[in-house]
Amino acid sequence: MLHSILLILISFSFSVVPKIYFAETQNEKTNDRKLQAYRIDQPPQLDGLVEEPIWLSMESATAFVQRNPDEGELSKEKTEVRIGFDEKNLYVGIICFDSQPENIVINRNQRDGLKYDSDFIMLLLDTFHDGQNAFIFGTNPTGIEHDAQISKAGQSRGSGGGPARAGGGGTQRGGSSAENLNWDGVWQVRSQITKRGWESEMIIPFRTLRFKPGQNQSWGLNIARNLRRRNEISYWSPISRAFRFRQVDLAGTLYGLDLKNHRSLKLLPYVLGGFSQDYTPLNYESTIEKNIGLDLKYSLTSSLTLDGTINTDFAQVEVDDEQVNLTRFDLFFPEKRSFFLENSGFFEFGSAREVEVFFSRRIGIDENQEPVPINGGARLSGKIGSYQVGLLNMQTRQVSDVVLANNFSVARISRELPNRSSIGLIGVNRQSSSNFLSSSDYNRTYGADVNLGLGEFANLFNYVAKTKTPGLQNEDHAYSSRLDYDDSTHEFILAYMEVGRNFNPEAGFVRRTNFRKPEYFYRYTFYPDSKIIRDFAPHFSRKTWYQLRTNNKESDFQHYHIDSHWQNGGRSGIAFNHSFERLDQPFEILPGTTVPSGQYSFNEIIANVQTDRSARIFAGGNVAAGGFYNGNIRSLNLHGGYRQNQNLSWTSSYVHNSIKLPVGKFNTDLIGLRFNWSFTSKSFFQTLSQYNSLSKSFGHNVRLGLMSTSSTGFFVVFNTRHMTSSFVDPHQVSRHTLGRALFIKFNYLLDY
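None of the values given here were measured: they were computed from a predicted structure.

### Description of the overall build of the chain
Check the secondary structure of the chain and you find four helices and 44 strands. Its C-alpha radius of gyration of 26 Å places the chain within 12% of the 27 Å reference for a compact globule of 752 residues. Projecting the C-alpha coordinates of the chain onto the three principal axes gives extents of approximately 75 × 65 × 60 Å. Intrachain contacts of the chain at a sequence separation of at least 6 include 61% that bridge at least 24 residues. About 32,700 Å² of surface is accessible on the chain, with carbon and sulfur atoms providing 54% of the total. Positive and negative side-chain charges in the chain, numbering 80 and 77 respectively, have mean positions lying 2 Å apart.

### A few points about the side chain of Ser-264
Summarising the element assignment, Ser-264 is placed in the loop between strand S14 (252-259) and strand S15 (265-278). With sequence-adjacent residues up to four places away left out, Ser-264 is seen in contact with Arg-207, Lys-297, Tyr-298, Ser-299 and Tyr-752.

### Overview of the sheet that holds strand S4 (residues 79-85)
The sheet built from five strands is open, its strands ordered S2-S4-S5-S11-S10 with mixed pairing. Looking at strand neighbours, the two that pair on one side only are strand S2 (38-39) and strand S10 (188-194), the edges of this open sheet. Of the strand pairs in this sheet, S10 and strand S11 (residues 197-205) are connected by seven bridges, and their pairing is antiparallel. What sits directly across from Gln-188, in S11, is Ile-203.

### A short note on the side chain of Asn-407
For Asn-407, the position within the fold is in strand S22 (residues 406-417). The exposure class of Asn-407 is buried, given its relative accessible area of 15%. Only 3.1 Å separates the side chain of Asn-407 from the side chain of Asn-393, close enough to count as a polar contact. Within the structure, Asn-407 has its side chain in polar contact with the side chain of Gln-395 (distance 3.2 Å). Not counting the four nearest positions on each side in its chain, Asn-407 is found in contact with Asn-393, Met-394, Gln-395, Asn-429, Arg-430, Gln-431 and Ser-433.

### Thoughts on the nonpolar core
Among the nonpolar cores identified, the biggest contains 34 residues, and Ile-83, Leu-90, Phe-137, Trp-219 and Ile-223 are the most heavily contacted of them. For this core, the element with the highest residue contribution is strand S5 (residues 89-97), accounting for four residues. Beyond its immediate sequence surroundings of up to four residues, Leu-90 is in contact with Ile-83, Gly-84, Phe-85, Leu-125, Met-202, Ile-203, Ile-204, Phe-206, Trp-219 and Leu-257. Formed by 27 residues, the second largest nonpolar core is a distinct cluster that contains Phe-340, Ile-374, Val-428 and Tyr-463.

### Looking at the confidence of the model for the chain
Averaged over the chain, the pLDDT score is 88; the fraction of residues at 70 or greater is 91%. Taken as a whole, residues 1-30 scores under 50 in pLDDT and shows 51 contacts with residues more than four places along the chain or in a different chain. The low-confidence segment residues 171-176 (pLDDT under 50) makes 25 contacts with residues lying over four places distant or belonging to another chain.

### Looking at the sheet that holds strand S19 (residues 355-356)
The strand order across the open sheet built from three strands is S18-S19-S28, with neighbouring strands paired in antiparallel fashion. Only two strands of the sheet have a single neighbouring strand rather than two, namely strand S18 (350-351) and strand S28 (509-510).

What counts as what
- Residues numbered from 1 in each chain as written.
- Predicted model: local features only at pLDDT ≥ 70, side-chain atom pairs only at ≥ 80, totals over all residues.
- Heavy atoms only, no water.
- Helix = DSSP H or I, 4+ residues; strand = E, 2+ residues; numbered from the N terminus.
- Rg over C-alpha atoms; globule rule 2.2 N^0.38 Å.
- Contact = heavy atoms within 4.5 Å.
- Areas by Shrake-Rupley, 256 points an atom, 1.4 Å probe, with all protein chains shown as cover.
- Lys, Arg positive; Asp, Glu negative; His and termini not counted.
- Charge placed at Lys NZ, Arg CZ, Asp CG, Glu CD.
- Pairing = 2+ DSSP bridges.
- Buried < 20%, exposed > 50% of the residue type's maximum accessible area, 1.4 Å probe, protein only.
- Polar contact = N/O pair within 3.5 Å; in protein donor to acceptor, adjacent residues only side chain to side chain.
- Core = buried A, V, L, I, M, F, W, Y, C linked by side-chain atoms within 4.5 Å.
- pLDDT = per-residue confidence, 0-100.

What follows is the structure, given as structure tokens:
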């Protein structure tokens, strides 16, 4: 039956849907914000001062309109943005006027470090003017580089997170997102604080972008300014509270661009040396590490890019955050490796952190989160006509008899339609390359999705997928339909998902199988006329999991929350959760601690608070108390930090769970401490120390980076991990080292 559904959906997607004209599209709405791009003969000096006559002769984007706190009103401070171009680059001149330049807020001096706790400016460039894809370039008064890719019309396909619950700990961001903050382009920026506020100049090479060449081209353009002193966000092309900056189809127009096809070849060779010591075997192993490799990027056209990697290495990537798992299901660890993060939004398919048909951490990382060598691979991505295409192939290496060599392939194609809509297909294959003669060691996944923008505020997300695994037949399907509506006052979600017992995307992520799940959510937001409270947002949601075949209720989660945001950026709220769990077999929550099979219903109350994150000292977290299966739980989740200035900061987190069950009681603790010292916006010294009481482990990750471009330079990385009963133990009576490693890496960009 699923084959029939797939064929019907594919036929509908590629024959009927493209002929539909969606009424009331955002691009058809009146949006009179337009800005001319001026051809220039002599580039301005890149010094962060917008003073040259060439700038003053250009029309500027100005009259920014607030989203918050006073929706629809002009910004309290004036902003001017001017744009020019020549054969090679786009030039941007920015003046952020400020009547109190001594009170400009700067909290970090680190690449990709823009957050709403600091003053900043961001540009959104829809280089195909399709209302679907865009690049973001941003900076702050210190001149940091911040960039990102936008896909899927800026619409996230579902949520990557969820409401706070007792028993959580170390939850990480990840999953499907329309905004890829890990994309790093090659461009330049300088900023200065002046008497009239702060100013910035950008040079963005056309080779960094993807676009359609031609004379008198138009791009989508929007500009955001954050005035942190007032907690004010404003936009050149106005955006209401119902939308976010990344909603591409709300952009204005940048016109007058004369663009040529730019082809480029970027080579990034690297060399690596160091040592690693593993003390877990009976006879510990010490290894001298030495390696060389190469990444390359070739622009086949101005809209299509080929990426390649040989002997891929990710030594400089930060280690994973520790997590505590008190559930029956797998933990989710997000991708952090740069090669897989670039263009990752296009390859995403499914429901974030729940059903992901392709999850790149399956490549080069084993089930114990240990690295697996990658011989190399290639990725082709971009646009061909009206179609977005992506092809990925990666080859991993065999590790003794522990991990077999595998080849991973992904093919993704989509067609973008008006009003935030799209249709697409995906295919994923894992094939053992240790034994090509064996036809049974493979796994394949196929899927199709149709996403429709309905009017101005609603989106309907749909997908269907099927896996093929030797030995698993029938009930190997997954499908979902989700309706989202948000007009800033009312928000609701209606959704249905079903996953078969044998749905098995081995190159993806599936949290649980054999269920159907209806879901609903509703939020009403009040905006009081108050100098303290910005909004109240009471909301409720419910998710219920039913077993397939039997239709027995397996899980149920109800969430009721009164949340509020403060004018200074703080937040507070109180929530009530009701949970139901049906255990058909005993659940070993910890070694030696088992919850008997049966049906369990329990409640919990949670209070949350967050102070102003722009302050020098900030803190937040939640406290929870309630039932836990046939016992009870008390949870404390705290985080906070201290900034001495924009270059020096400490942040920490602490998660404690105290659980009492009839079979026994136990506590869990997670402690994390981060230190960041930014010498410049491209050089840093960072440490991450973590303690996990469940694994009785204590680890350090120390990184020094001296970068010449966004992702190339000199890196020193030191990792160590200890098993401990007491980490305050100078004689190591209760502590021993599990392993340590030191890596020195240098990579360099050759741009042709």
